[in-house]
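These are the residues of each chain, in order.
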Protein chains: 2
Amino acid sequence: MGITDIIARFILDEISETGGCAELQRAELAQRFKCVPSQINYVISTRFAPEHGYIVESRRGGNGYIRITRLRSPAGQLVSRMIGAIGLELDQAAAEAIISAAAGAGLISKREALLLRSAVSPRALAAAPREDRARLRAGILKNMLAASAAEPPEG
Amino acid sequence: MGITDIIARFILDEISETGGCAELQRAELAQRFKCVPSQINYVISTRFAPEHGYIVESRRGGNGYIRITRLRSPAGQLVSRMIGAIGLELDQAAAEAIISAAAGAGLISKREALLLRSAVSPRALAAAPREDRARLRAGILKNMLAASAAEPPEG
DNA sequence: CTTTTTTTGGTCAGAATTGGTCAAAATACT
DNA sequence: AGTATTTTGACCAATTCTGACCAAAAAAAG
């Protein structure tokens with residue numbers, strides 16, 4: 001496991017322990033994990049972006065900080081916001097972000113997340129012309145998310 | 001025996017030793033067997049496709065990997081046979097039949113069946129040219145079924 | 001109160017590290 | 001000989017890691 005995943009794990013733990021909000025210091029983290037400070041920005045932008053269901057605030061200068069908050073809101077509202085956020089096209093990275101956010105928010109189970117992932121995977125869409133895949137991904141994911149909201153979990 | 005079979009044998013051993021899930025590095029394997037890296041892709045696509053009862057995940061970049069998981073539970077076997085039964089194309093009625101059969105056999109929950117249905121619904125596939133839809137349906141359904149066997153229900 | 005210094009975090013581009021695709025060439029099979 | 005499978009290599013794509021340079025906020029100095 002690379003340093004990115006180790007740091008992400010650490011932050012995740014921090015968020016859990018504090019009940020949803022971690023307050024970090026970039027330089028301190030970088031020193032603890034023996035990496036350059038910008039690595040922390042990389043971890044945050046790839047693992048804790050708003051598409052993943054987090055909000056990140058920060059402040060520079062003395063006593064600066066990076067605060068990462070996990071956000072949660074009523075399921076139906078969240079799903080419709082997610083569907084709204086999907087445009088006409090969706091690349092694979094964006095699809096992954098949405099799926100893991102949905103799983104993180106408890107809208108779908110881990111197993112269901114696997115299903116959604118496999119439905120929009122390159123292998124599944126191989127039969128379509130390249131130029132159609134992003135639109136297909138968008139259509140498929142929207143429909144699946146809508147279906148997931150139609151029936152309550154564990155139904 | 002060609003290099004393909006040797007590599008396949010090796011991977012098979014690896015899967016057995018680890019109890020069902022091998023995690024490989026493409027470049028390392030290629031070096032070990034003195035072949036080009038793309039040979040590994042060939043082995044995987046011809047010997048470890050979902051129709052053969054495996055699921056393959058991978059990641060590029062630093063700390064990349066190729067993970068091959070064998071479906072071996074009774075349910076996994078059934079799923080694997082279903083996947084084998086799906087050809088290159090699948091019309092909507094056949095897809096519906098397979099989904100309800102899977103639900104009837106308890107391989108997937110009612111809610112999961114909804115997800116599969118919505119993934120291969122005409123609305124979801126609207127972005128693809130008509131002539132590609134049957135192949136897409138087949139590909140999507142195969143991949144989702146394989147994923148459903150990867151993780152035990154209620155996991 | 002304004003200026004300067006110090007202390008934080010941010011951006012971005014490039015290098016490094018992985019795996020993927022595709023089609024041509026080589027080989028095996030019938 | 002003709003067809004199917006295997007092997008190879010050139011080119012592509014995604015992810016991670018690093019460092020040089022930038023920007024903001026607080027603290028210290030004047």
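In this text the structure is predicted, and so the values were computed from the model without any measurement.

Reading the values: the criteria
Residues numbered from 1 in each chain as written. Chains lettered and ligands numbered in written order. Predicted model: local features only at pLDDT ≥ 70, side-chain atom pairs only at ≥ 80, totals over all residues. Heavy atoms only, no water. Contact = heavy atoms within 4.5 Å. Buried area = accessible area lost by both parts, 1.4 Å probe. Salt bridge = Lys/Arg side-chain N within 4 Å of Asp/Glu carboxyl O. Polar contact = N/O pair within 3.5 Å; in protein donor to acceptor, adjacent residues only side chain to side chain. Helix = DSSP H or I, 4+ residues; strand = E, 2+ residues; numbered from the N terminus. Nonpolar A, V, L, I, M, F, W, Y, C, P; charged D, E, K, R; others polar. Domains from an automatic or database assignment.

### Some words on the interface of chain A and chain B
With 34 residues of chain A in contact, the opposing surface of chain B contributes 35 residues. Across the interface of chain A and chain B, roughly 2900 Å² is buried in total on both sides, 61% from carbon and sulfur atoms. The largest contributions to the chain A side of the interface with chain B come from Arg111(A), Leu115(A) and Arg123(A), which together make up 26% of the buried area. Connecting chain A to chain B are two salt bridges. The residue Glu112(A) makes a salt bridge to Arg111(B) at a minimum N-O spacing of 2.8 Å. Taken together, the connections running from chain A to chain B amount to seven residue pairs in polar contact (both at pLDDT 80 or more). Among the secondary structure elements, those contributing two or more residues to the side of chain A that touches chain B are helix H6 (110–119) and helix H7 (130–150) of chain A. Here the side of chain A that touches chain B is composed, by residue class, of 18 nonpolar, seven polar and nine charged.

### Let's talk about the domain arrangement of chain A
All names here are of chain A. Looking at the assigned domains, one finds that chain A contains domain 1 (3–70) and domain 2 (75–150). The straight-line distance from the C-alpha centre of domain 1 to that of domain 2 is 26 Å. Domain 1 puts four residues into the contact, and the matching count from domain 2 is five residues. The contact between domain 1 and domain 2 buries some 300 Å² in all, and 57% of this surface belongs to carbon and sulfur atoms. Our enumeration of links across domain 1 and domain 2 arrives at one residue pair in polar contact (both at pLDDT 80 or more). Within the side of domain 1 that touches domain 2, the residues separate by chemical class into no nonpolar, two polar and two charged.

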